Amino acid sequence: MFCVVEVRDLELFLVYILHTHSSSLEAIAWFGFDLYLIIIMSSAKARSAHARAILGSELYDKLPNTKVLLVGAGGIGCELLKNIVLVGFGEITLLDLDTIDLSNLNRQFLFRKKDVKQSKALTAAQTAASFNPNVSLNPIHGNIKEPQYDIPWFQQFDIVLNALDNLDARRHVNKMCMAAQVPLVESGTAGYLGQVQPLLKDHTECFDCIPKPTPKTYPVCTIRSTPSQPIHCIVWSKSYLLGQLFGEDEDAIGELDAAEQEGENAREIATLRQEAQAFNNVRAALRSTSPDICQHAAKHAFQKVFNDDINNLLVMADMWKSRAPPVPLDFDTILDGTFILRDEGTSKNRGGATDKADQSATSIASVNGNVGMTSNGAGLKDQKALSLKDNVELFVHSTNRLAARLRSGNETTISFDKDDDDTLDFVTAASNLRSAAYGINRQTRWEVKEMAGNIIPAIATTNAIISGLIVLQALHLLRRNYSAMRNVHLQYKPAVPLSTITLSKPNSGCGVCRDTYALVLCDPSRALLGDIVKGVLGVNSREVSVYEDKRVLSDPDWDDNLDRTLESLNVTRGKFLSLVDEEGEWRTITIGLSELPPDNSIDAPPYILPSPLPQPSKMQKLPPAESAPATPLHISKKRLLPIDMDSDIIDLAPTPKRLKPDPNGAVKDQESPKRRRLEEEGLILVDGPGGLADIIVID
């Protein structure tokens, strides 16, 4: 039996049929095999029809052969990967070091809950591959700063797209793209704000042409002794205490012994040695395999940090004359609920408000253990306000977990990671206990994570807008339509959400994009620093200083390292050597190092110089500042006062007014404006007797 159906949109009809059948075999049975192949070919053609119409056939036909490097598979990276796959970029390399965290799932839509703890790059590529079967995806779980990702590796790409949230990594990718002369599209978001910036060497300014603000720092004395804000306690827990207990051993006692031998104050050194020894005892207890010691290691650490150290500070009475002193915490009484933190009169925190976890307490004294969870997110673990007892228990549990990781031998040191539950729990508990001792508001686990991890709230819509703008700027770069490129800013202005800025020229003083780059292939174990420097300079030999990053390797007055191999100086593949002209006349030559080709003969020199050799341009000297024109000598037209040279007296009488000549050359007295105005009104002004007064006479 047959029926006739009017189909107004063939594409939608075919999609409906394919989706309503559970398998391709059912669709084949419904359509017949020949018609099924036609449908598949039609759907593939339909997928590219809109992109071809918008981009034009010339550009669209280039996309399948375009090699793209996408660095970052986070908030922007997931959206951007989806976009470039659907647009039709043919060969995409995706690189990311991170793994998927549960908190990523609200905005990184290529991931699912089952993917938590998996590689972001591998998972994102696997998900996006189904969007367009014609695209080749090469995911890499790695760090973009690793030495194998050197200049030749970057040069294989037609364009690089940055989707990073790390300033150091951004600057590294920017320098690599400047050295490899590969176009780069930089981007970033912060809440509702975002920016897209296309970068091309010698055409636009680079990422480092404009100095970036440095992260905020806090005085050490404030962090160590007199905190007044929650962030002070969080920085102390993250950067100081965690490192002291679970980081590298700094051998403070050895340094104190050396200081004592040099004649430093013996009494102060004895006090410092005692404190250092106490910390060493805590570190030893945390790493001990003895069950008895392990059982009490967390309590030992608590007693040292939150009781003994605070009591030592209280001895310095002058420190607490103008501020409230801290309260030493007692481990046992906090756990049994009898510890009194501070009386009502002194329980106010630095801002004048009572502690968040103790706001519901109605007793005169703040007694631990009787305080409920008062957070609005009472059902969410990370958003619960923790009582003093809760924080002690969290401190003990997190300390024991971190100590167990050290005892296992898999880790020798542990540093903070916002996605590491153990370190986050430790920093949360330690910072809240310190806040309680100093009368500062305690924070929830989520608030600590935001501040300790420098987290700026990410919004999926912002990421989607920015990723779309990145693709538009990338297409301008591929077209070589540089005049159409713009810096685009997403603003928090509903009336004008997007603003565009014409690209600026490179900053002539930039130490990244204004350098002259050269690539040297070498064997660092055999190549000498002096041979590389002389070979790159060639016949234009001149006095230079040689740097690797911020390290000085050689200068005209110190050439000891010129006869050493690059490997002995820790200058290997992926690193840069900078040759800085001592006279400041020529721009810096920056040498990127890479490995020799496999077929290079063992008898050949251990390096291959660039051909032609780099020719740096001369530094642009600022024109001398124009001196202000000399002020012409003013010659007064007033008559000089009569001076009697025989007497030492100068006549200071008022200088008579200079008489103006009339048009006929006759000199006449100047007429007073007052007299002229009165005469025009029919009045006559005459001098009074003795010239002392004016008398108005009516005409």
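Residues numbered from 1 in each chain as written. Predicted model: local features only at pLDDT ≥ 70, side-chain atom pairs only at ≥ 80, totals over all residues. Heavy atoms only, no water.

Caption draft 1: Structural detail: the overall build of the protein chain. Counting its secondary structure elements, the protein chain contains 20 helices and 20 strands. Across the 699 residues in the protein chain, those meeting the buried criterion constitute 40%. In the protein chain, of all internal contacts separated by at least 6 residues, the share reaching a separation of at least 24 is 63%. Surface accessibility of the protein chain: about 40,500 Å² in total, with carbon and sulfur atoms responsible for 54%. (Helix = DSSP H or I, 4+ residues; strand = E, 2+ residues; numbered from the N terminus. Buried < 20%, exposed > 50% of the residue type's maximum accessible area, 1.4 Å probe, protein only. Contact = heavy atoms within 4.5 Å. Areas by Shrake-Rupley, 256 points an atom, 1.4 Å probe, with all protein chains shown as cover.)

Caption draft 2: Molecular detail of the pairing of strand β13 (residues 551-554). Strand direction decides the pairing type here: strand β12 (residues 544-548) and β13, joined by three bridges, are antiparallel. Counterpart to Val546 in the pairing with β13 is Ser554. (Pairing = 2+ DSSP bridges.)

Caption draft 3: Just a nonpolar patch on the surface, in detail. There is a patch of nonpolar side chains on the surface, built from Tyr192, Leu193 and Tyr492 and spanning about 380 Å² of accessible area. By secondary structure assignment, the location of Tyr492 is in the loop between β9 (486-490) and β10 (498-502). For Tyr492, a relative accessible area of 63% gives the class exposed. (Patch = residues over 30% accessible without salt bridge, like charges linked within 9 Å, V, L, I, M, F, W, Y side chains within 5 Å. Salt bridge = Lys/Arg side-chain N within 4 Å of Asp/Glu carboxyl O.)

Caption draft 4: Fine view of the sheet that holds strand β5 (residues 184-190). The sheet built from eight strands is open, its strands ordered β3-β2-β1-β4-β5-β6-β9-β10 with mixed pairing. Strands with a single pairing partner mark the edges of an open sheet, and in this sheet they are β3 (136-141) and β10. Taken over all neighbouring pairs, the strand axes of this sheet differ in orientation by 15 degrees on average, direction set aside. In the sheet, strand β1 (residues 67-71) pairs with strand β2 (residues 91-96) via five bridges, with the strands oriented parallel. Looking across to β2, one finds that Leu69 is bridged to Thr93. Strand contacts of helix α5 (residues 75-87): β1, β2, β3, β4 (159-162) and β5, with the helix running at about 165 degrees to β1, the strand carrying the most contacts. Against the sheet, helix α18 (residues 460-479) engages β4, β5, β6 (193-199), β9 and β10, with an angle of about 165 degrees to β5. (Axes fitted to C-alpha atoms, helices over the stretch in contact; angles between N-to-C directions.)

Caption draft 5: Main features of helix α6 (residues 120-128). Every buried residue belonging to α6 is among Lys120, Ala121, Thr123, Ala124, Ala125 and Ala128, and all of these are buried. Elements in contact with the buried residues of α6: α5, β2 and β3.

Caption draft 6: Spatial organisation of the side chain of Glu186. Within the fold, Glu186 resides in strand β5. Separated by 2.8 Å, the side chains of Glu186 and Asn162 make a polar contact. In contact with Glu186, not counting residues within four places along its chain, are Asn162, Arg170, Gln195, Val196, Gln197, Leu199 and Phe207. (Polar contact = N/O pair within 3.5 Å; in protein donor to acceptor, adjacent residues only side chain to side chain.)

Caption draft 7: Region of the structure containing the sheet that holds strand β15 (residues 589-595). The strand order across the open sheet built from six strands is β13-β12-β14-β15-β11-β16, with neighbouring strands paired in mixed fashion. In this open sheet, the two edge strands, each paired with only one partner strand, are β13 and β16 (607-608). Bridge analysis of β12 against strand β14 (residues 576-581) gives four bridges, and the strand direction is antiparallel. The residue of β14 that forms the bridge with Val544 is Asp581. Sitting on the sheet, helix α19 (residues 529-537) touches β11 (516-522), β12, β13, β14, β15 and β16, and the angle it makes with β14 is about 60 degrees.

Caption draft 8: Focus on the pairing of β5. With respect to burial, β5 is a largely interior element, five of its seven residues being buried. For β4 and β5, the ladder comprises two bridges, and the chain directions are parallel. Within β5, the residue paired with Leu161 across the bridge is Val185. Taken together, β4, helix α8 (residues 167-180) and β5 constitute a β-α-β crossover, and its handedness is right-handed. When β5 meets β6, the two strands line up antiparallel, connected through seven bridges. (Right-handed = clockwise from strand over helix to strand, strands pointing away.)

Caption draft 9: View of α5. In this model, α5 (13 residues) spans 19 Å end to end at C-alpha, consistent with the 18 Å of a helix rising 1.5 Å per residue. Buried residues dominate α5, accounting for eleven of its 13 residues. The complete set of buried residues in α5 reads Gly75, Ile76, Gly77, Cys78, Glu79, Leu80, Leu81, Asn83, Ile84, Val85 and Val87. Gly88 lies just past α5 and shows a positive phi near 115 degrees. (Expected span 1.5 Å × (residues − 1).)

Caption draft 10: Representation of unusual backbone geometry within the structure. With an omega dihedral of 0 degrees, the bond running from Ser611 to Pro612 counts as a cis peptide bond. Relative to the assigned elements, Pro612 resides in the loop between β16 and β17 (660-661). With a phi angle near 60 degrees, Asp549 is a residue other than glycine that sits in the positive phi range. Looking at the element boundaries, Asp549 is found in the loop between β12 and β13.

Caption draft 11: Here's a closer look at the packing of helix α13 (residues 291-314) against helix α15 (residues 388-407). Between α13 and α15, the least distance of the axes is 9 Å, while the angle of their chain directions is 120 degrees. Judged by the angle between their axes, α13 and α15 are oblique. Of the two possible hands of crossing, α13 and α15 adopt the one that is right-handed. Only Val392, Phe395, Val396, Thr399, Asn400 and Arg407 of α15 make contact with α13, whose side of the interface consists of Cys294, Ala298, Ala301, Phe302 and Phe306. (Parallel < 35°, antiparallel > 145°, perpendicular 65-115°, else oblique. Left-handed = near helix turned anticlockwise from the far one by under 90°.)

Caption draft 12: Here's a closer look at the pattern of salt bridges. Applying the stated rule across the entire model yields 27 salt bridges. Close ionic contact of Glu79 with Lys82 constitutes a salt bridge, the shortest N to O distance being 3.2 Å. Residue Glu79 and its partner Lys82 are both found in helix α5; the two are separated by three residues, about one turn of the helix. Between Lys299 and Asp332 there is a salt bridge, with the nearest N and O atoms lying 3.3 Å from each other. Here the residue Lys299 occupies a position in helix α13, and Asp332 occupies one in helix α14 (residues 331-336), the gap between them amounting to 33 residues. Judged by its relative accessible area of 32%, Lys299 is partly exposed. Taken together, the salt bridges that share partners define one network made up of Asp382, Arg401, Arg405, Glu411, Asp420, Asp421, Asp422, Asp425 and Arg445.

Caption draft 13: Representation of the environment of Val546 within the structure. Secondary-structure assignment places Val546 in strand β12. On the accessibility criterion, Val546 (1% relative accessible area) is buried. Each C-alpha atom of the pair Val546 and Leu562 lies 9.6 Å from the other, and the pair is 16 residues apart in sequence. Excluding anything up to four places from it in sequence, Val546 contacts Leu529, Val533, Arg551, Val552, Leu553, Ser554, Leu577, Ser578 and Leu579.

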